[in-house]
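Coordinates in review
One-letter residues, chain by chain:
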Amino acid sequence: MRLRISADDFRRFAATLGRSAATTPATTQPEAMNGATPHSVAPPAVAPAPSVSRLPSARTPVGELAAYPPADQWNRWTELDAKAWPERVERTYTLAPTTCFNCESACGLLAYVDVETLRVRKFEGNPAHPGSRGRTCAKGPATLNQVYDPERILYPLKRVGERGEGQWERTTWDEALDTIAARIRKALVEDRKTEVIYHVGRPGEDGYMERVLQSWGVDAHNSHTNICSSGGRFGYAAWMGIDRPSPDYANARFTLLISSHLETGHYFNPHAQRIMEAKKRGAKLAVMDPRLSNTASMADYWLPTYPGSEAAALLAMANILIQEDLYDREFVRKWTNWDQFLRDEHPDVAPTFAEFERILKTLYADYTPEFAEKESGVPAAQIVAVAQEIGRAGSAVAAHNWRAAAAGNLGGWMGAHCLFFLNVLTGSVGTPGGVSPNVYDKFVPRPFAEPPKQQVWNELTWPREYPLSHNELSFLLPHFLKDGRGKADVYFTRVYNPVWTNPDGFAWMEALSDERKVGLHVALTPTWNETAWLADYVLPMGVGAERHDLHSYETYAGQWIGFRQPVVRVAMERLGRPVKYTYEANPGEVWEENEWWIELSWRIDPDGALGIRKYYESPYRPGEKLTVDDYYGWIFEHSVPGLPEAAAREGLTPLGYMRKYGAFEIRAGTAPAYAEPVAPADLAEGSVDDATGLVWSRRPRPHSSNIVPKPAPATGERGVQVGVQVDGVARAGFPTPSGKLEFYSRTLRDWKWPEYALPTYIKSHVHPSVMDPDRGEFALIPTFRLPVLIHTRSNNAKWLTEIAHSNPLWMHPSDAERLGLTSGAEARVNTEIGYFVPRLWITEGIRPGVVACSHHMGRWTLPQHQAHGGWSSALAELDNSANQWRLRQIHGVQPYASDDPDTSRIWWKDAGVHQNLTFPVHPDPVSGSHCWHQKVRVEAALAGDRYGDIAVDSAKAHAVYQEWLGLARAAPGPDGTRRPHWFLRPYRPDPAAYRLLPPSAVSDKV
Ligand code: SF4
């Protein structure tokens, strides 16, 4: 029996895992600025990161965690039941590792499964996970709420009556699988391959679904990314081909964030713990955010930039680095395509780096600190101070922009683009404390039997108007259907709720209600949501602790894989109760998705005639149906470097090792792959193009076990582009047409956006010049969330909802005084297409001229649903007449009786206010990202207005869609294709599918 772990026990646990328990880093005082000039200051005194020790499953330090059960006792662990206190009642658990599914960080969890009842008692952090190192945010342990939520769906349901009427009957999995499989098979056989669409919210895995969809030969993938991160991704991809940064926060001397990474941002928990570790060692932190977010409150510099002005402030910092020669000249000379820029734009000057530097000093001279102050509202002196800090930090500048500004503004992608410009200028690319391309720190193991690329191109998701769009134009789908561009005969929504999550949700309701537009809607979801009510089948899938997934994310300087597992299934198998299918261990008849897709694919092609079934046959037992053990066992045996050896050292199979620890670290530390010499075998069969410096090879590409998506290398008469000459040495370089970081983008120039070929500043659609403050006009920021909430999922997590259930409109006191508004009063917020009615929160935590309202609130159910709607939904009535939509709350959250006594203890009433319904779509014409920020007019609530009211004119919404569509510059590109082939594209089709014009129709200059 144990109550707590002693220091000796912890050391024993650490030894079990092979790591040191004594890792507390020394703390040094940050160096004061003291008015030092950027020329004279030395790098700040920052203590080195803690030393790294080798572990079986994780080679990063365990951090400062106090105690954990020793890994050799995870199979059977006894501790006192805290709820039984003061009685000392022992409970025995088996501790099963899995990964959290509440955001994309995939932090490691340990499920405490009671060996007698098979109930999960709690989830804690998994100390063997190298990304999260035993820590979680509030949402990790709240996985327990989702497992035992009284409102979850336990059986497959089929619609009865009209779609959306709210009438359902229980069906069998066999019936659902057969019906859906037959409909997909018919579409494939009749060559209607673009009519099958799979729309995913949180993927939570790498590669599995792409393999499924490619095995069907469809171009069906539709993600949520263009309402999320695609603007930021595009900004990075235009530089380096790779779309995500991987900052090494732990070793940074200076960190600059355009996102709230310490509280809610991308890879929140793994990033936050490393940023704070660096701060403890003396590193500095700056945060650009119009709100005083929790993250900004922890910063050394809060830069409350006006929304959309981030690029102006960043270019002013770049200008200071350039004018004061604070940039890394050698890095810029070696690794940017300055020579292409001179050749194309300044053919009259000598093609020397000295000439480039001379021109560079003129290019950004107008971006003075004073100009930046005028645009952003941030004092020039503060911009200078941060630029000086960045210059002094040199190659250890970590920076990140995820959604935030990049997802808010017309041209928001340029904010991320200009942010990375600072990394390029300081040479902090691939360095300790700098930023790496994410593919250096991500590992997607190759599965067995990969299907060929699809031969079709789906214009419903990749329309020709947006050839450079970083992801699918998913949020325009209802408008495309309305325009008659096609049909979704089988439409899957998977962990996705577009009616509530996307802008212009009423357009989604209109499309999903129309069977001529959406033939069969299948919602794969653990819980009810606003979109599932408009489905034909609602099929309950396991929550994060009830499914298998394999994934890897760039959460620090290193490479790891995490293995999500159905924890009760793991417990049953440890207890000697074999499980064939995960639904045998899950509640009710809840399936896990891996097994669902195997079964569905098998039924689409039962005899193998369509060439699909072979991808679902076991690699170990030819002809027999694939199991999840087969799928992941094969990957762990064949595609993860070092894992078989690590497993053998413990007398385990690779699958057994992953089931025991739940994660494996493949590499720790930075690895600047761009500087690697080209392989001698490639040089032996290669050649160098003297004009471009590009290195080509005719050698067949070697097999890689890491299939992380990358830009496609160019091919031509010389073979495949494999590198670039730098000072006479052939190096791997970057996966771009120039092989270098593209300061100058020929791609943007050639695909009709020459004005954006260099880092520049694009004025947002919410720029102050379009606002009339006297009319109550503001820029509305709707892109932030509260730290404990997470999209649709937190509605079914009682602990999270109890903590946060209100989303008032933030407004600065000076604005409130001018408009005569007071804190707590209701206001009407008018958008282009309607309005919503929140309450006001008057606070100095937001800059004047801007208002903000957090998303992830305002859930609703309708009376016909006859549901309680979870812990945070209001009961609402919905009216629709012609194009006029109105949603009004009948009442807020209420207590009710259920198997969970806590439902009768609900004390809060507020469900928050939904705002996304009142936003029209704003597709950025370059990146394709939805531009979330809104120009709004705020006034006191009118007579008759009620808290939570929403009104929308869907005809106006369609008109705004058409207006923004008019900004786009359509394909074909100069080579007659739909999209630059080298660009990343999720789930890339065959090159032939890219072609819009035959080669004979293309100008011969290309
Ligand atoms: S940061 Fe929180 S929500 Fe995200 S994976 Fe980690 S524990 Fe889960």
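As a starting point, this report considers the structure included with it. From a predicted model like this one, the values you see are computed outputs, not experimental measurements.

Criteria and thresholds
Residues numbered from 1 in each chain as written. Predicted model: local features only at pLDDT ≥ 70, side-chain atom pairs only at ≥ 80, totals over all residues. Heavy atoms only, no water. Helix = DSSP H or I, 4+ residues; strand = E, 2+ residues; numbered from the N terminus. Rg over C-alpha atoms; globule rule 2.2 N^0.38 Å. Buried < 20%, exposed > 50% of the residue type's maximum accessible area, 1.4 Å probe, protein only. Contact = heavy atoms within 4.5 Å. Areas by Shrake-Rupley, 256 points an atom, 1.4 Å probe, with all protein chains shown as cover. Disulfide = S-S within 2.5 Å. Pairing = 2+ DSSP bridges. Axes fitted to C-alpha atoms, helices over the stretch in contact; angles between N-to-C directions. Core = buried A, V, L, I, M, F, W, Y, C linked by side-chain atoms within 4.5 Å. 1 Å grid on protein atoms, 1.4 Å probe; cavity = no way out; pocket = protein on both sides within 12 Å on 5 of 7 lines; lining within 4 Å. Points joined across faces, edges and corners; volume = space filled by probe spheres on them. Nonpolar A, V, L, I, M, F, W, Y, C, P; charged D, E, K, R; others polar. Near = heavy atom within 4 Å. Polar contact = N/O pair within 3.5 Å; in protein donor to acceptor, adjacent residues only side chain to side chain. Parallel < 35°, antiparallel > 145°, perpendicular 65-115°, else oblique. Left-handed = near helix turned anticlockwise from the far one by under 90°. Right-handed = clockwise from strand over helix to strand, strands pointing away.

Structural notes on the overall build of the protein
If you tally the helices and strands in the protein, you get 28 helices and 36 strands. Over its C-alpha trace the protein gives a radius of gyration of 28 Å, about what one expects of a compact globule, namely 30 Å for 1006 residues. Overall size of the protein, expressed as C-alpha extent along the three principal axes, is 75 × 75 × 70 Å. Taken across its 1006 residues, the protein has 65% of its residues classed as buried. Contacts spanning at least 24 positions in sequence make up 73% of the contacts within the protein whose residues lie at least 6 apart. A total accessible area of about 34,300 Å² is found for the protein, and carbon and sulfur atoms account for 52% of it.

Describing the state of the cysteines
Taken as a whole and judged by the stated rule, the model has 0 disulfides. C931 provides the cysteine sulfur closest to C418, a residue in no disulfide bond, and the two sulfurs are 16 Å apart. Here C853 stays unpaired: no disulfide links it, and the sulfur of C228, its closest cysteine neighbor, is 18 Å away. Taking relative accessible area as the criterion, C853 reaches 0% and is therefore assigned buried.

Some words on the sheet that holds strand β12 (residues 301–303)
Pairing is parallel across the open sheet formed by 4 strands, whose spatial order is β12-β11-β10-β13. At either margin of the open sheet sits one strand with a lone partner, and together these are β12 and β13 (397–401). Here the average twist between neighbouring strands, direction ignored, is 10 degrees. Where strand β10 (residues 254–258) and strand β11 (residues 284–288) come together, 4 bridges link them in parallel fashion. If you follow F254 over to β11, its bridge partner there is K284. Sheet strands touched by helix α15 (residues 413–426): β10 and β13. Its angle to β13, the strand with the most contacts, is close to 170 degrees.

Overview of the nonpolar core
One finds L256, M317 and F743 to be the most contacted residues of the largest nonpolar core, which totals 88 residues. Residues contacting M317, with those up to four places away along its chain left out, are L256, M288, L303, I383, V386, A387, I390 and L422. Listed in part, the 67 residues of the second largest apolar core include L520, W597, Y631 and F636.

Some details on the layout of surface pockets
Of the volumes computed, that of the second largest pocket is approximately 1,200 Å³. What lines the second largest pocket is a set of 47 residues, among which R119, V147, Y148, D149 and D900 lie closest to the centre. Element by element, the count of residues in the lining of the second largest pocket is highest for strand β4 (residues 120–125), at 4 residues. Partitioning the lining of the second largest pocket into residue classes produces 24 nonpolar, 7 polar and 16 charged.

Some remarks on the site of the ligand
Near the ligand you find C100, N102, C103, S105, A106, C107, T136, C137, K139, G140, F268 and N269, and these make up its full shell. In terms of residue class, the shell around the ligand is made up of 6 nonpolar, 5 polar and 1 charged.

Things to note about the environment of H129
In this structure, H129 sits in the loop between β4 and α2 (143–147). Separated by 22 residues in sequence, H129 and C107 have C-alpha atoms that sit 7.3 Å apart. Within the structure, H129 has its side chain in polar contact with the backbone nitrogen of S132 (distance 3.3 Å).

Here's the deal with the packing of helix α8 (residues 310–323) against α15
Between α8 and α15, the least distance of the axes is 8 Å, while the angle of their chain directions is 15 degrees. The orientation of α8 with respect to α15, classified from their angle, is roughly parallel. In terms of crossing hand, the pair formed by α8 and α15 is left-handed. Of the residues in α15, those touching α8 at A311, L314, L315, M317, A318, L321 and I322 are M414, G415, C418, L419, F421, L422, L425 and T426. Along the lines of polarity and charge, the residues of the contact of α8 with α15 split into 13 nonpolar, 2 polar and no charged.

Quick word on empty space enclosed by the protein
Applying the stated criterion to the full structure yields 16 cavities of 30 Å³ or more. When its volume is computed, the largest cavity comes out at roughly 340 Å³. Looking at the lining of the largest cavity residue by residue, the classes come out as 5 nonpolar, 15 polar and 3 charged. A volume near 270 Å³ is recorded for the second largest cavity. Contributing to the lining of the second largest cavity are 20 residues, with S259, S260, A404, T783 and F784 lying nearest its centre.

Thoughts on the sheet that holds strand β17 (residues 537–539)
Read from one edge to the other, the open sheet built from 7 strands follows the order β6-β5-β17-β16-β15-β7-β8, with strand pairing classed as mixed. Edge positions in the sheet fall to β6 (168–170) and β8 (221–223), since each of these pairs with one other strand and no more. Going from strand to strand, the sheet's axes swing by 20 degrees on average, the running direction of each strand aside. Where strand β15 (residues 488–494) lies against strand β16 (residues 518–524), 6 bridges are found, and the strand directions are parallel. Bridge pairing in β16 links Y491 to H521. Strands β7 (196–200), β8 and β15 of the sheet are contacted by helix α4 (residues 208–216), whose axis makes an angle of about 175 degrees with β7. Each of β7, β15, β16 and β17 touches helix α20 (residues 593–604); the most contacted strand, β15, lies at about 160 degrees to it.

Section: helix α19 (residues 567–574)
Buried residues dominate α19, accounting for 6 of its 8 residues. Taken as a whole, α19 has its buried residues at V567, V568, R569, V570, A571 and M572. Turning to α19, the residues buried within the fold contact β2 (90–99), β3 (108–114), β4, α20, α21 (628–638) and α23 (654–661).

Some points on the pairing of β10
Within β10, 5 of the 5 residues are buried, leaving the element largely enclosed by the surrounding structure. On β10, burial covers both faces: F254, L256 and I258 on one face and T255 and L257 on the other are all buried. For the crossover from β10 across helix α6 (residues 268–280) to β11, the handedness is right-handed. Relative to β13, β10 is paired through 5 bridges, and the arrangement is parallel. The partner of T255 across the bridge, within β13, is A398.

Side note on the packing of α8 against helix α13 (residues 380–393)
Two elements in contact, α8 and α13, have axes separated by 9 Å at closest approach and are oriented at 55 degrees. Between α8 and α13, the angle is such that the two are oblique. Relative to α13, the crossing made by α8 is right-handed. Across from A313, A316, M317, I320 and L321 in α8, the residues of α13 making contact are I383, V384, V386, A387, I390 and G391. In terms of residue class, the contact of α8 with α13 is built from 10 nonpolar, 1 polar and no charged.

Quick look at the side chain of N529
Assignment of secondary structure puts N529 in the loop between β16 and β17. Looking at N529, the relative accessible area reads 5%, which means it is buried. Only 2.7 Å separates the side chain of N529 from the backbone nitrogen of A532, close enough to count as a polar contact. Beyond its immediate chain neighbours, meaning those up to four positions away, N529 contacts Y496, N497, T792 and R859.

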